[in-house]
Amino acid sequence: MKCIFCHFNDSKVIDSRDLRDGESIRRRRECLRCGHRFTTYERVEPISILVIKKDKNREEYSREKLRRGIVTAFTKRPVKAEDIERMIDSIEAEIFSKGELEVSSMRIGEIIMDHLRKTDPVAYIRFASVYREFADLNVMRSEMDRLVEVEEQERSRRQKEVSKTG
Ligand SMILES: [Zn+2]
């Protein structure tokens, strides 16, 4: 950070403090050349990336939109609102993890389905049927068969563990 008095490039931080619940940080700095003190503010930049839709048009990413799709999939399912919120957080973290400025709606859909599959098979099927536009009932059926299979494997694995320890 350049000194505002002598424009020297190096300063040391002598005090840092969080402002407004950690939304920004105020730092007192001291120039390493002239010794003058000045203040800088650091703020988190609001996330702004573009979503490439199927028709190749772009629109601004919206957490609200993501939430709507997920909440709809969880309608009347025994999942707490705070768990859904936490899931949205981790889905969002994954979307932004590569630091890219654009992400395809397809990629977002895959990430969401990944999380739903692990959390609630019913919500997953609901979301996938809208998202993948299961035009064909057979496709949906094979997807459900696959899920049932995974669940059965999981159950027999758990039973084995129980019988081992019991
Ligand atoms: Zn200076």
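Scroll up to find the structure.
Here's what I pulled together on the structure shown here. Note that the structure is a prediction, hence the values are computed from the model and not measured. (Residues numbered from 1 in each chain as written. Predicted model: local features only at pLDDT ≥ 70, side-chain atom pairs only at ≥ 80, totals over all residues. Heavy atoms only, no water.)

**Some points on helix α3 (residues 105-119)**
Three- or four-residue spacings in an α-helix give side chains the same orientation, since the helix completes a turn every 3.6 residues. Along its 15 residues, α3 runs 21 Å from first to last C-alpha, staying within 8% of the 21 Å computed at 1.5 Å per residue. Considering only its buried residues, α3 is in contact with β4 (50-52), α1 (63-73), α2 (81-96), β6 (102-104) and α4 (121-131). (Helix = DSSP H or I, 4+ residues; strand = E, 2+ residues; numbered from the N terminus. Expected span 1.5 Å × (residues − 1). Contact = heavy atoms within 4.5 Å.)

**Details of the coordination of the zinc ion**
Listed as protein donors to the zinc ion are C3 (SG), C6 (SG), C31 (SG) and C34 (SG); their distances from the metal cover 2.3 to 2.4 Å. In this structure, the zinc ion is coordinated by four donor atoms arranged in tetrahedral fashion, with angles at the metal of 104 to 115°. The sequence motif formed by the donor residues of the zinc ion is C-x2-C-x24-C-x2-C. One end of the pair, C3, is in the segment before β1 (11-19); the other, C31, is in strand β2 (residues 24-31), with 28 residues separating them in the sequence. Just as C3 is buried, C31 falls in that class too. (Donors = N, O, S within 2.8 Å, 3.2 Å for Na, K, Ca; no water. Tetrahedral: all angles 85-135°; square planar, octahedral: opposite > 155°, others 65-115°. Buried < 20%, exposed > 50% of the residue type's maximum accessible area, 1.4 Å probe, protein only.)

**Concerning the layout of surface pockets**
Taken as a whole, the largest pocket holds about 580 Å³ of empty space. What lines the largest pocket is a set of 20 residues, and nearest its centre among them are K65, S105, I108, F127 and Y131. Contributions of two or more residues to the lining of the largest pocket are made by β5 (58-60), α1, α3 and α4. The element contributing the most residues to the lining of the largest pocket is α1, with five residues. Looking at the lining of the largest pocket residue by residue, the classes come out as nine nonpolar, five polar and six charged. Estimates place the volume of the second largest pocket at around 160 Å³. The wall of the second largest pocket is formed by R117, K118, T119, D120, P121, L147, V150 and E151. Of all the elements in the fold, those that place two or more residues in the lining of the second largest pocket are α3 and α5 (137-165). (1 Å grid on protein atoms, 1.4 Å probe; cavity = no way out; pocket = protein on both sides within 12 Å on 5 of 7 lines; lining within 4 Å. Points joined across faces, edges and corners; volume = space filled by probe spheres on them. Nonpolar A, V, L, I, M, F, W, Y, C, P; charged D, E, K, R; others polar.)

**Regarding the packing of aromatic side chains**
Applying the stated criterion across every chain yields a total of one aromatic pair. When the centroid spacing of 5.2 Å and the interplanar angle of 85° are considered together, the rings of Y61 and F96 count as edge-to-face. On the criterion of sequence distance, the pair formed by Y61 in the loop between β5 and α1 and F96 in helix α2 is long-range, its members being 35 residues apart. Like F96, Y61 is buried. (Phe/Tyr/Trp six-rings, centres within 6.5 Å; stacked < 30°, edge-to-face > 60°.)

**Some remarks on the side chain of E30**
Residue position: E30 is located in strand β2. A polar contact is formed between the side chain of E30 and the side chain of R37, at a distance of 2.9 Å. (Polar contact = N/O pair within 3.5 Å; in protein donor to acceptor, adjacent residues only side chain to side chain.)

**A look at the packing of α1 against α4**
Relative orientation of the contacting elements α1 and α4 amounts to 125°, with a least axis distance of 8 Å. Between α1 and α4, the angle falls in the class oblique. In the packing of α1 onto α4, the handedness of the crossing is right-handed. Of the residues in α4, those touching α1 at G69, T72 and A73 are A123, R126 and F127. Here the residues of the contact of α1 with α4 are counted per class, giving three nonpolar, two polar and one charged. (Axes fitted to C-alpha atoms, helices over the stretch in contact; angles between N-to-C directions. Parallel < 35°, antiparallel > 145°, perpendicular 65-115°, else oblique. Left-handed = near helix turned anticlockwise from the far one by under 90°.)

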